[in-house]
Amino acid sequence: INMCGGSKAFTSSEVAKHNTEADCWLIISPPGSNTPNVYDVTKYLDEHPGGAEVLLDAAGMDATDQFEDIGHSGDARKELAKYLIGELKITEEEKKKMLEEKLAREEAAKSSGGMGPIIAILVVILAVAGYFMTQG
């Protein structure tokens, strides 16, 4: 749902200029969307439960990962929607790069569990075998 009427489009360089306490914009891609949204959260800085600092750290940039990693509630997402001012205008090349980065992040998240459990099991087996060998 876009509350901006005719959706305004901003380039990433335009958004990057809004990176101060007096003028704080964020780029956040809604789940399942390929079009990142632009939010002016300047008036929300003092109200943000996590403090203004976390918003300012991402000001003028894409804060999607930070927003999603925290696991914001449905209420937080509704609150965010109030500050929507438009969409990020992205070239086909930028869109391709973003998609590749997203796929790489998802792949990294999937494979991060990979060898950990196997190594743990091997350590236990070796420890047990070592114990019995010293008992013999």
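Scope of this entry: the structure provided in the associated data block. Every chain's residues receive numbers from 1 upward, in the order its sequence appears when written. Two thresholds apply to this predicted model, a pLDDT of at least 70 for residue-level local features and 80 or more for giving and counting side-chain atom pairs, whereas whole-chain, interface and lining totals are computed over all residues. Note: side-chain values were computed over all heavy atoms of the structure, leaving out hydrogens and water.

### Points about the overall build of the protein
Next, step 1: For the protein, the helix and strand inventory stands at six helices and five strands.
Next, step 2: Along the protein, helices and strands appear, N-terminal first, in the series β-α-β-β-β-α-α-α-β-α-α.
Next, step 3: Relative accessibility thresholds used throughout: buried, under 20% of the residue-type maximum; exposed, over 50%; partly exposed, between the two (1.4 Å probe, protein chains only). Out of the 136 residues belonging to the protein, those deemed buried represent 22%.
Next, step 4: When checking whether two residues touch, look at their non-hydrogen atoms; a contact exists if any pair is within 4.5 Å. For the protein, restricting intrachain contacts to residue pairs at least 6 apart in sequence, the fraction spanning at least 24 positions comes to 68%.
Next, step 5: Methods summary: accessible areas were calculated by the Shrake-Rupley approach with a probe of 1.4 Å, and residue burial reflects only the protein chains presented. Total accessible area computed for the protein in this model is approximately 9,400 Å², and 60% of it derives from carbon and sulfur atoms. To qualify as a helix, a DSSP run of H or I must reach at least 4 residues; to qualify as a strand, a run of E must reach at least 2; elements of each kind are numbered from the N terminus.

### As for the sheet that holds strand β5 (residues 84-88)
Next, step 1: On the basis of which strands lie adjacent, the open sheet formed by five strands has the order β1-β5-β4-β3-β2 and mixed pairing. Strands at the two margins of the open sheet, each flanked by one partner only, are β1 (9-10) and β2 (19-20). Here, strands pair whenever DSSP counts at least two bridges between them.

### Structural notes on the packing of aromatic side chains
Next, step 1: Any two of the Phe, Tyr and Trp rings considered here, Trp counted by its six-membered ring, make a pair once their centres fall within 6.5 Å; the pair's planes then place it as stacked at under 30 degrees, edge-to-face at over 60, or tilted in between. By the definition in use, this model includes three aromatic pairs.
Next, step 2: On the numbers, 5.3 Å between centres and 45° between planes, the contact of Y44 with Y83 is tilted. You can see Y44 sitting in the loop between β4 (37-40) and α2 (52-57) and its partner Y83 sitting in the loop between α4 (74-81) and β5, a full 39 residues away along the chain. For the pair formed by Y44 and Y83, the shared burial category is buried.
Next, step 3: With centroids separated by 5.4 Å and ring planes inclined at 75°, the aromatic side chains of Y131 and F132 adopt a geometry described as edge-to-face.
Next, step 4: Assessed through its relative accessible area of 56%, F132 is described here as exposed.

### As for the pairing of β5
Next, step 1: For β1 and β5, the ladder comprises two bridges, and the chain directions are parallel. Residue pairing in the sheet places F10 in a bridge with L88 of β5.
Next, step 2: Pairing analysis gives three bridges linking β4 to β5, with the strands arranged antiparallel. Across the sheet, residue N37 finds its bridge partner in β5, namely E87.

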